[in-house]
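Each chain, letter by letter, is given below.
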Amino acid sequence: MKSAGPRPDIPVFVVVPPRVLLLDVAGPMEVLRKANLEQDDVRFVIDFIGPSSSTGSSIGLDVTGIKPLPARLPDGALVVLSGSTEQPLGRTGDRKRDHGLEDEIVAWLKHAIRPGIRLATICSGALLAARAGLLDGYECTTHHATIAALRRLAPAAEVRENRIYVEDGERLSSAGIAAGIDLMLHVVAQEAGHGPALAVARFLVVYLRRGGADPQLSPWLEGRNHIHPAIHRAQDAIAADPARDWSLQALARIAAASPRNLSRLFNEHAGMSVTDYVNRIRIALARELVMGSKLQMEQVAARAGFASTRQFRRAWNRLHGAPPAALRGRVRRDEGALGSGRMPGAG
């Protein structure tokens, strides 16, 4: 239902740092662009600002038309502080100049952000906010690769790791890159309602909007931050057929290691036992079946490789706070909300 009269404006100022990680800007702003087309309750008015009128980006493409950092922000503004990369594609840049521009952003943030102004950091943008002292006393997060740096720069903040996004009062922060889309969908849901947010998510081919407490890292990638070839061979086999009855002996043959040595290597390099790894992959498969199918829980358990529903639920409860039926219910509610609204257009 479209509302009568003009839409209230929400001013959005996107701070573009040197070596900007382009997806940190393009993803969240595409959410707001599409949100403006999906509803008439609010309008997001976007300005791109920064210490320089142009800058290089993470993919080597120059970003131009950047407005100067304003002396004062309007009440009710949302400031989006995007991240940057250390290694842009095909260029090195002037790091001394870049550091000076980052200092300008930090100095501007210190006087521009006041009560009534929301600050949303995307990826490593949280580090600039931390340098400005704007995260002290707040819960926040950042990309998993910069969690340690954020803790160093903001020792008075409550840094949450492995979180998609965190909202604490007028401070919002996300893990960045694709997670910046999740954060901005959350903002759209707050300002315009869940229906428009779900329509935007569907347009962007985001299968299901992730909540702030959802993990940053896929369970399919967990335990694979190593280079040991024997363990990778075993992990590849498990991922290819999680429901198979994987014995330690069978995996040892694939890995070309003794069962005892494979067990030791898993604990040392993957950070978990072989059994724990198999169960995590099976639960990841089960989660996809719960969300994307109408299978009964007994069928889900069997397809994921569990001997019984009881065993499946026991393994599930070790990794998830809510039962599988609750997750399925949330998916169905989201789908119902989307189905009751206007279908998104072609852009």
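Residues numbered from 1 in each chain as written. Predicted model: local features only at pLDDT ≥ 70, side-chain atom pairs only at ≥ 80, totals over all residues. Heavy atoms only, no water.

> I would appreciate a short explanation of helix α1 (residues 22-38) in the present structure.
Note that an α-helix has 3.6 residues per turn; residues three or four places apart therefore point the same way. Its 17 residues place the ends of α1 24 Å apart at the C-alpha level, agreeing with the 24 Å of an ideal helix rising 1.5 Å per residue. Within the sequence span of α1, burial applies to D24, V25, G27, P28, M29, V31, L32, K34, A35, N36 and E38. As for α1, its buried residues are in contact with β1 (9-15), β2 (43-50), β6 (78-81), β7 (118-122), α5 (179-192) and α6 (194-203). (Helix = DSSP H or I, 4+ residues; strand = E, 2+ residues; numbered from the N terminus. Expected span 1.5 Å × (residues − 1). Buried < 20%, exposed > 50% of the residue type's maximum accessible area, 1.4 Å probe, protein only. Contact = heavy atoms within 4.5 Å.)

> I would appreciate a short explanation of the pattern of salt bridges in the present structure.
When the charged atoms of two side chains with opposite charge come close together, those side chains can pair. Scanning the entire structure with this criterion turns up 16 salt bridges. For R19, the salt bridge is made with E86, and the minimal N-O distance between the two is 3.3 Å. With R19 in the loop between β1 and α1 and E86 in the loop between β6 and α2 (95-112), this residue pair connects regions lying 67 residues apart in the sequence. With a shortest N-O distance of 2.6 Å, E30 and R33 are connected by a salt bridge. Pair noted here: E30 and R33 are both in helix α1, with a separation of three residues, about one helical turn. When its relative accessible area of 27% is taken as the criterion, E30 is described as partly exposed. Among the charged side chains, a salt-bridge network with shared partners connects R19, E86, R95, D98 and E102. (Salt bridge = Lys/Arg side-chain N within 4 Å of Asp/Glu carboxyl O.)

> What should I look at first to understand the nonpolar core in this one?
Grouped burial of nonpolar side chains is what soluble globular proteins tend to show. Residues V12, F44, V80 and V188 are the most contacted members of the largest nonpolar core, which totals 35 residues. Taken together, the elements giving at least two residues each to this core come down to β1, α1, β6, β7, α5 and α6. The greatest single-element share of this core, amounting to nine residues, is contributed by α5. Discounting residues that sit within four places of it in the chain, V188 has contacts with V31, L32, A35, F44, G193, P196 and A197. Counting 31 residues, the second-largest nonpolar core is a separate cluster that includes F13, L69, I147 and A157. (Core = buried A, V, L, I, M, F, W, Y, C linked by side-chain atoms within 4.5 Å.)

> In this structure, what is going on with the pairing of β6? I would like to understand it.
Residues in a regular strand project their side chains so that they alternate between the two faces of the sheet. Burial along β6 is two-sided: L78 and V80 facing one way and V79 and L81 facing the other are all buried. Bridge count between β1 and β6: four bridges; the pairing is parallel. Across the sheet, the residue bridging to V15 is L81, located in β6. Chirality of the crossover, the property in question, places the unit of β6, α2 and β7 among those that are right-handed. (Pairing = 2+ DSSP bridges. Right-handed = clockwise from strand over helix to strand, strands pointing away.)

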